[in-house]
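Here is how the chains run, residue by residue.
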Amino acid sequence: MSGQFPELIPRVEVQGTIRTYRTKDSRYHIKGSQCEDCQEKYYPPREGLDCPSCGSRNLNDYYPPKRGEVVTCWIDDVGYPAVGYTDLPPRTIVVVKLEDGLHVLSEVVELEGEPVEPGTKVNMIIRKHKREETGNWVYGYKFAIAK
Ligand SMILES: [Zn+2]
C-alpha cells in the first residue's frame, strides 16, 4: 500500500449516499430477471441464483413495462412514519400488477392517504422517497394514476 494515501477512514455520514448510488439501478427502474432458456420472469431479480423453473443459470436483467393496474390498496397511517419518511402525509400503498403480469409493492402519489380502487390504471414515475441523515433526498419509483 502506498504511503502517500493513509488508511481509509469510513465516513459514517456518507454511507447512505454511497449505498443509494450503488443501488441506483434498481431504485430508478423496476428491475427483475428473465430466464433466457424458459423465458420465466422474476421480481425481485434473482442475481447469482438459478431459475427455479428450469434450473438454468442464464438469467439476465429484465425491465418490465412501466404501466399496470392496482390489485389492492391500503393506507399507511399508523401514527408514526417509517424511518426518514417524516416529511410525508399518510401514504397510499398499493400492489400493482404490471402489464406483463409481475406484481410490485409501491405507493400511489398525490392521494394523501385516500384509497384507490382495484383496477385503476397507474404509470410508474420517479419521486422523492425519503430524506437521509445527511439531508440528501433518496429518489425512486412510485406510481401515479394514469390520466
Ligand atoms: Zn428458466
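Residues numbered from 1 in each chain as written. Predicted model: local features only at pLDDT ≥ 70, side-chain atom pairs only at ≥ 80, totals over all residues.

A short note on the overall build of the protein
Piece 1. Check the secondary structure of the protein and you find two helices and eight strands.
Piece 2. Each helix and strand of the protein, placed in order from N terminus to C terminus, yields the pattern α-α-β-β-β-β-β-β-β-β.
Piece 3. A burial count over the protein gives 13% of its 147 residues as buried.
Piece 4. Considering only contacts within the protein whose residues lie at least 6 apart along the sequence, 52% involve residues at least 24 apart. (Helix = DSSP H or I, 4+ residues; strand = E, 2+ residues; numbered from the N terminus. Buried ≥ 20, exposed ≤ 12 C-beta atoms within 10 Å, placed from the backbone. Contact = placed C-beta atoms within 7 Å.)

Topic: the sheet that holds strand E1 (residues 32-35)
Piece 1. The three strands lie next to each other as E2-E1-E3, forming an open sheet whose pairing is antiparallel. Taken across any chain shown, the strands that pair with only one partner, and hence form the sheet edges, are strand E2 (41-42) and strand E3 (59-62).
Piece 2. Pairing geometry for E1 and E2, over two bridges, is antiparallel. What sits directly across from Ser-33, in E2, is Tyr-42. (Pairing = 2+ DSSP bridges.)

Side note on the nonpolar core
Piece 1. Listed in full, the nine residues of the largest apolar core are Ile-30, Val-70, Val-94, Val-96, Leu-98, Val-108, Val-122, Met-124 and Phe-143.
Piece 2. Of all the elements in the fold, those that place two or more residues in this core are strand E5 (91-98) and strand E7 (121-131).
Piece 3. Looking at this core element by element, the count peaks at three residues for E5.
Piece 4. What Val-94 contacts, discounting residues up to four positions off in sequence, is Val-70, Thr-72, Cys-73, Ser-106, Glu-107, Val-108, Val-116 and Phe-143. (Core = buried A, V, L, I, M, F, W, Y, C linked by C-beta atoms within 7 Å.)

Looking at the confidence of the model for the protein
Piece 1. Residue-level pLDDT values for the protein average 83, and 80% of them are 70 or greater.
Piece 2. Of all secondary-structure elements in the protein, the lowest mean pLDDT belongs to helix H1 (residues 15-22), at 69, while strand E4 (residues 67-76) reaches the highest, 94. (pLDDT = per-residue confidence, 0-100.)

Quick word on unusual backbone geometry
Piece 1. Of note, the bond from Tyr-43 into Pro-44 is cis; its omega dihedral lies within 30 degrees of zero at 0°.
Piece 2. Of note, the phi angle at Glu-110 is positive, near 60°, even though the residue is not glycine.
Piece 3. With respect to the element layout, Glu-110 can be found in the loop between strand E6 (103-108) and E7.
Piece 4. Judged by the 11 C-beta atoms lying within 10 Å of it, Glu-110 falls in the exposed class.

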